[in-house]
Amino acid sequence: MDKNGKRLLELGSSYIVLHSQRVTAGGSSQVIEHLAIGPNGVFHIRTEGCAGIIRLATEGIQRGEEKGYEDVTGPLYRNEYVVKQKLRSKRLEADVVGLLCFVHPDCRLEGRMPVFTAVRADQLTEVIQSYKPKKLLSVAEVKEIASLMEAGSGRNTG
């Protein structure tokens, strides 16, 4: 388990955390690096290991002095699609939140991305825990969603 995975354990017992989880729905299959399912929603997390200044914008990310932006949102959009389709297949409602987590200790984020939240690793648990959902999930709903995300791909929790 990587450092992000270990950090997610700090969320506490009200969250179920899955790592390297294959989720299949809506004719698509994606391996999601980390899923944190808790009372305030389903968080799918993708990590980036960039150091230095990272500029965030609608176009994606720009590293240091590089010209142009790299679109890093594609995998997040695909992950979000399969998670939402999986929930719809069982008529479950939950907020689905994509997070782009920068794990290098020497990164500095500037700006913001309009669709997905970008955070440093040391901010990850706080961002998840402070998220205000449209609807809180019960303990039973959290367990049901976690089981649904694990269905057909083997247990891979932390």
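Please read all numbers here as calculations on a predicted model, not as lab measurements.

Definitions and limits used
- Residues numbered from 1 in each chain as written.
- Predicted model: local features only at pLDDT ≥ 70, side-chain atom pairs only at ≥ 80, totals over all residues.
- Heavy atoms only, no water.
- Helix = DSSP H or I, 4+ residues; strand = E, 2+ residues; numbered from the N terminus.
- Buried < 20%, exposed > 50% of the residue type's maximum accessible area, 1.4 Å probe, protein only.
- Contact = heavy atoms within 4.5 Å.
- Areas by Shrake-Rupley, 256 points an atom, 1.4 Å probe, with all protein chains shown as cover.
- Lys, Arg positive; Asp, Glu negative; His and termini not counted.
- Charge placed at Lys NZ, Arg CZ, Asp CG, Glu CD.
- Salt bridge = Lys/Arg side-chain N within 4 Å of Asp/Glu carboxyl O.
- Pairing = 2+ DSSP bridges.

**Q** Explain the overall build of the protein chain to me, using residue names and the numbers behind them.
**A** A count of helices and strands for the protein chain gives 4 helices and 8 strands. Each helix (α) and strand (β) of the protein chain, taken in turn from the N terminus, gives the series α-β-β-β-β-β-α-β-β-β-α-α. Dimensions along the principal axes, computed over C-alpha positions, put the protein chain at roughly 45 × 35 × 30 Å. A burial count over the protein chain gives 44% of its 158 residues as buried. Taking as baseline every contact in the protein chain between residues at least 6 positions apart, the subset at least 24 positions apart corresponds to 64%. Within the structure as shown, the protein chain displays about 8300 Å² of accessible surface, and the carbon and sulfur contribution to it stands at 48%. On the protein chain, the mean spot of the 22 positive side-chain charges and the mean spot of the 19 negative ones are 5 Å from each other.

**Q** A description of the pattern of salt bridges should follow, citing residues and the corresponding values.
**A** One pass over the full model with this rule turns up 8 salt bridges. The partner of Arg55 in a salt bridge is Glu110, and the shortest N-O contact between them spans 3.9 Å. Of this pair, Arg55 sits in strand S4 (residues 52-57) while Glu110 sits in strand S7 (residues 107-111); the two residues are 55 residues apart in sequence, bridging distant segments of the chain. In this structure, Glu141 engages Lys135 in a salt bridge whose closest nitrogen and oxygen atoms are separated by 2.9 Å. Judged by relative accessible area, Glu141 falls into the partly exposed class, the value being 24%. Accessibility expressed as a relative area gives 33% for Lys135, which makes it partly exposed.

**Q** Tell me about the pairing of strand S6 (residues 96-102), and name the residues and values.
**A** Burial analysis of S6 places 7 of its 7 residues in the buried class, the great majority of the element. Neither face of S6 is left uncovered, since the one carrying Val96, Gly98, Leu100 and Phe102 and the one carrying Val97, Leu99 and Cys101 both have all their residues buried. Bridge count for strand S3 (residues 41-48) against S6 is 7 bridges, and the pairing is parallel. From the neighbouring strand, Val42 faces S6, where its bridge partner is Val96. With 4 bridges joining them, S6 and strand S8 (residues 117-120) adopt parallel strand pairing. By the bridge assignment, Cys101 is partnered in S8 with Val119.

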